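Fold and geometry: a report
Here's the letter readout for the chains.
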Amino acid sequence: MATRRPPLYGVHEDRGAGFTDFGGWEMPVEFDSIRAEHTAVREAAGIFDVSHMGEIRVEGPDAETLMQRLTTNDVSSMDVGDAQYSCITDEDGIIQDDTMTYRLPGDEYLFVPNAGHDEAAEQRWVDYRDANDLDATVSNETAEWAMFAVQGPEAMGLAADAVEDIDAPLGAESDDIRDLSRFSATEATVAGADCLVARTGYTGEDGVEILCDADDAEAVWAAFDCQPCGLGSRDTLRMEQGLLLSGQDFHPEENPRTPFEAGVGFTVDLDTEFVGRDALAAQKEAGVEETFTGLVLQERGVARHGYDITHDGETVGEVTSGTMSPTLGDPIALGYLPTDLAEDGTEVAVVVRGTEKRAEVTTPPFIQ
Amino acid sequence: MSFDVPDDRNYLASHEWATTDEPIRIGISDFAQDELGDVVFVELPDEGDTIAHDEPFGVVESIKAVSDLHAPISGEVVTVNEALHDQPELVNEAPYGDGWLLEVEPSDESEFEELMDADEYEDQIA
């Protein structure tokens with residue numbers, strides 16, 4: 001499969017970014033250093049190019065029904081301008097991907113699958129629509145959009161400076177972007193360009209995510225004067241919050257997990273009808289055998305994806321994500337443990353290159 | 001981007017260097033530290049241990065990756081850079097200076113012939 005590039009690939013290259021392949025996209029991994037970028041977001045603000053995220057528009061009389069059936073959350077509860085985090089599950093309740101859904105004016109939704117998942121999601125929506133005779137148009141607009149995230153304690157101030165006009169306040173009560181509620185979105189003008197601005201993110205910090213036409217990407221990017229950040233710091237920031245990375249903390253084949261196991265049961269509304277509902281209702285009744293949780297290593301070393309977690313010498317789990325936390329200065333990890341061990345304070349170990357390193361179970365977020 | 005390649009030392013293809021003047025010091029190159037990014041942890045042998053030419057002797061962990069360290073020359077470890085215990089970032093800040101890893105008593109001087117000089121190494125990373 002040919003590698004896809006974000007609209008600002010050349011701009012990032014000129015800025016001296018290093019690149020990495022992520023979900024079939026060649027994306028900036030680091031502009032200056034992961035630590036510098038991470039710290040900027042925790043203490044000031046940073047801007048991420050996340051144009052590898054997919055954009056799929058669903059519109060028509062049955063758009064709401066289609067969204068409701070294929071995501072775990074309650075789409076019917078969304079007002080225009082709401083953003084909703086949700087899972088896409090199969091009949092067995094296994095997470096295929098996690099996504100953010102935006103309700104737009106009219107019978108219209110935009111949802112954002114993860115990098116490289118857009119074509120599978122589009123197919124899933126089209127197949128379900130056709131099999132159930134629903135009247136909705138499904139358009140994969142991934143190539144037409146750029147997406148940025150501006151995150152950090154100073155992000156909303158930067159957004160207020162950059163937003164010239166809120167065209168049609170959706171979730172916003174006023175024409176000041178700082179009044180936009182969490183998990184709300186609005187249409188707004190930035191650098192003369194029409195954008196969708198949402199008060200969402202993946203870092204644990206306040207801030208916005210901005211969608212704009214790929215042709216306007218350079219002007220919108222330039223409207224935010226802050227630290228450019230790559231996927232490296234995006235990963236360390238989300239790990240400190242215990243936020244899931246699709247394909248790594250869960251994977252339909254390599255690590256099949258349900259929302260209840262993955263710690264995102266709050267995205268599941270069993271009172272709605274969706275693919276995977278019955279399996280998830282049964283699991284909720286029975287309880288989960290394994291639970292997604294966090295570890296803080298008590299010894300020097302770095303836990304990484306795939307390392308074994310042991311308890312009393314027995315392998316009890318595997319690290320799905322791990323790093324040295326730039327904020328804490330301690331090695332942190334995420335992974336699944338038998339539910340009875342997934343209690344704060346439980347002593348386990350992570351096997352780092354053949355050596356057990358003591359670790360303590362710590363429910364994320366690791367930082368407050 | 002260009003990297004610093006001082007000519008007072010020799011290089012292994014896997015990006016470690018050894019000085020030519022005693023005491024023989026070992027470290028990683030500017031190119032290597034840049035590839036790794038923020039170094040957070042360095043695992044080194046103890047004083048008195050022996051290391052072998054082109055064989056792994058330790059590990060450097062950065063935020064994004066873990067990488068084996070290979071010995072440019074064989075010998076006995078005389079001194080370990082203890083400063084890296086609390087300040088692993090010295091490897092990034094001064095890979096040819098305060099970020100050195102080990103001082104070694106070489107056991108086979110002929111191994112220096114197998115290392116690249118600065119020009120050859122510069123060609124490799126170009």
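Conventions we followed
Residues numbered from 1 in each chain as written. Chains lettered and ligands numbered in written order. Predicted model: local features only at pLDDT ≥ 70, side-chain atom pairs only at ≥ 80, totals over all residues. Helix = DSSP H or I, 4+ residues; strand = E, 2+ residues; numbered from the N terminus. Contact = placed C-beta atoms within 7 Å. UniProt positions renumbered as here; feature names shortened; annotations may be inferred. Domains from an automatic or database assignment. Axes fitted to C-alpha atoms, helices over the stretch in contact; angles between N-to-C directions. Parallel < 35°, antiparallel > 145°, perpendicular 65-115°, else oblique. Left-handed = near helix turned anticlockwise from the far one by under 90°. Nonpolar A, V, L, I, M, F, W, Y, C, P; charged D, E, K, R; others polar.

Thoughts on the overall build of chain A
Scanning chain A from terminus to terminus reveals eight helices and 20 strands. Its C-alpha atoms put chain A at 60 × 50 × 40 Å along the principal axes. The long-range fraction of contacts in chain A, counting pairs at least 24 apart against all pairs at least 6 apart in sequence, stands at 65%.

So, the UniProt feature "domain: Aminomethyltransferase C-terminal" (unreviewed entry) in chain A
Under the UniProt annotation, "domain: Aminomethyltransferase C-terminal" (unreviewed entry) lies at residues 293-367 of chain A. Structurally, residues 293-367 of chain A comprises 0% helix and 55% strand, and the distance from its first C-alpha atom to its last is 14 Å.

Here we look at the domain arrangement of chain A
What the domain assignment lists for chain A is domain 1 (9-54 + 144-240), domain 2 (56-140) and domain 3 (289-368). Between the C-alpha centres of domain 2 of chain A and domain 3 of chain A there is a distance of 34 Å.

A closer look at the environment of T39(A)
Among the structural elements, T39(A) can be located in helix α2 (residues 34-43). Taking the C-alpha atoms as reference points, T39(A) and S86(A), 47 residues apart in sequence, are found 29 Å from one another.

Points about the packing of helix α3 (residues 63-70) of chain A against helix α4 (residues 118-131) of chain A
Residues and elements named next belong to chain A. Closest axis-to-axis distance for the α3/α4 pair is 11 Å, and the angle between their directions is 115°. Overall, the two elements α3 and α4 adopt an arrangement that is roughly perpendicular. Of the two possible hands of crossing, α3 and α4 adopt the one that is right-handed. Contact residues: α3 offers L66, R69 and L70, while α4 offers R124, W125, Y128 and R129. Looking at side-chain class alone, the contact of α3 with α4 contains four nonpolar, no polar and three charged residues.

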